[in-house]
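Each chain is listed here by its residues.
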Amino acid sequence: MPTLFRVKKAVLWDFGGVILSSPFEAFRRYETEHGLPSDFIRTVNSTNPHTNAWALLERNEVSADEFDELFAIESAALGHRVPGADVLALLPGDVRPEVVVMLDRVKAAGYRVALLTNNVIGGDGSKAGGDARSEQIAAIMDRFDAVVESSKVGVRKPEPRFYEIACELLDVQPDECVFLDDLGINLKPAAAMGMTTIKVTNAAQAITELSAALGWT
């Protein structure tokens, strides 16, 4: 459970896996359909995590076409060739409306809010489903006081500089922040900096723990 430190001034939100449903669900479906080992795609992404194709793409150091080839090479080296383009097609998730309602409640209560996302240019799912989908995602992103995107700032979670940028943009200290993410590896450096962290497994759990962290329960 989160531990309270200084009075909180800001809530930082991951996008995929928090605001949107996790792409890991789509990864698992793909693996089943293609006879791949369970969590194979995540295994590829976690091998050499700071220098692999996924890391390079999220820092915008390679193009989507280059990622397609690099990911295929890396996955083949682990036993199963998976085109990177297939992985990118799996990224869009579904909006969790109850989390968006909680975001609105947090903002209305006067907290500063920032979106912290490891993303790829054109790969956040904003265009999946057409204009309506794009408008929905844009409306959510407009709610935030700051948006920190790995593809634009050139660093990514869990690099500490990523979190420092968010704090600078909001003019807050780390121990004045609550941070929600679905990956423990992304939460560890934030916690080490003094943030209250919440590992999101589902919408209801995230809302309950965030309410507790803000003293609403």
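Residues numbered from 1 in each chain as written. Predicted model: local features only at pLDDT ≥ 70, side-chain atom pairs only at ≥ 80, totals over all residues. Heavy atoms only, no water.

Moving on to the nonpolar core. Counting 28 residues, the largest nonpolar core has Val-11, Trp-13, Ile-19, Val-106, Phe-144, Leu-180 and Leu-210 as its most contacted members. Elements supplying a minimum of two residues to this core: β1 (10–13), α6 (97–108), β2 (112–117), α7 (131–141), β4 (177–181) and α11 (203–213). In terms of residues, this core owes the most to one element, α6, which gives five residues. Ranked by size, the runner-up nonpolar core spans 20 residues in total, among them Phe-24, Leu-36, Phe-40 and Val-87. (Core = buried A, V, L, I, M, F, W, Y, C linked by side-chain atoms within 4.5 Å. Buried < 20%, exposed > 50% of the residue type's maximum accessible area, 1.4 Å probe, protein only. Helix = DSSP H or I, 4+ residues; strand = E, 2+ residues; numbered from the N terminus.)

What follows deals with the confidence of the model for the protein chain. Summary statistics for the protein chain give a mean pLDDT of 92 and a share of 93% for residues scoring 70 or more. Counting interchain partners and residues more than four positions distant, the pLDDT-below-50 stretch residues 125–129 has eight contacts. (pLDDT = per-residue confidence, 0-100. Contact = heavy atoms within 4.5 Å.)

This next bit is on the packing of aromatic side chains. Evaluated as defined, the whole model comprises six aromatic pairs. With 5.9 Å between their ring centres and 50° between their planes, Phe-24 and Phe-27 make a pair best called tilted. Of this pair, Phe-24 and Phe-27 both sit in helix α1 (residues 24–33), three residues apart, which is roughly one turn of that helix. For the pair Phe-24 and Phe-27, one class covers both residues: buried. Measuring from ring centre to ring centre gives 6.2 Å for Phe-162 and Tyr-163, while their planes differ by 75°; the resulting arrangement is edge-to-face. One aromatic cluster in this structure is built from Trp-54, Phe-67 and Phe-71. The lysine or arginine in question, Arg-42, covers the ring of Phe-24, its NZ or CZ lying 3.8 Å from the ring centre. (Phe/Tyr/Trp six-rings, centres within 6.5 Å; stacked < 30°, edge-to-face > 60°. Lys NZ or Arg CZ within 6 Å of the ring centre and 35° of its normal.)

On inspection of all chains with the given rule, the structure shows zero disulfides. With no disulfide partner, Cys-167 has as its closest neighbouring cysteine sulfur the one in Cys-177, 4.2 Å distant. For Cys-167, a relative accessible area of 6% corresponds to the buried category. (Disulfide = S-S within 2.5 Å.)

Time to look at the environment of Ala-89. Turning to its location among the elements, Ala-89 is positioned in helix α5 (residues 84–89). When the C-alpha atoms of Ala-89 and Pro-23 are compared, they prove to be 10.0 Å apart, with 66 residues separating the residues in sequence.

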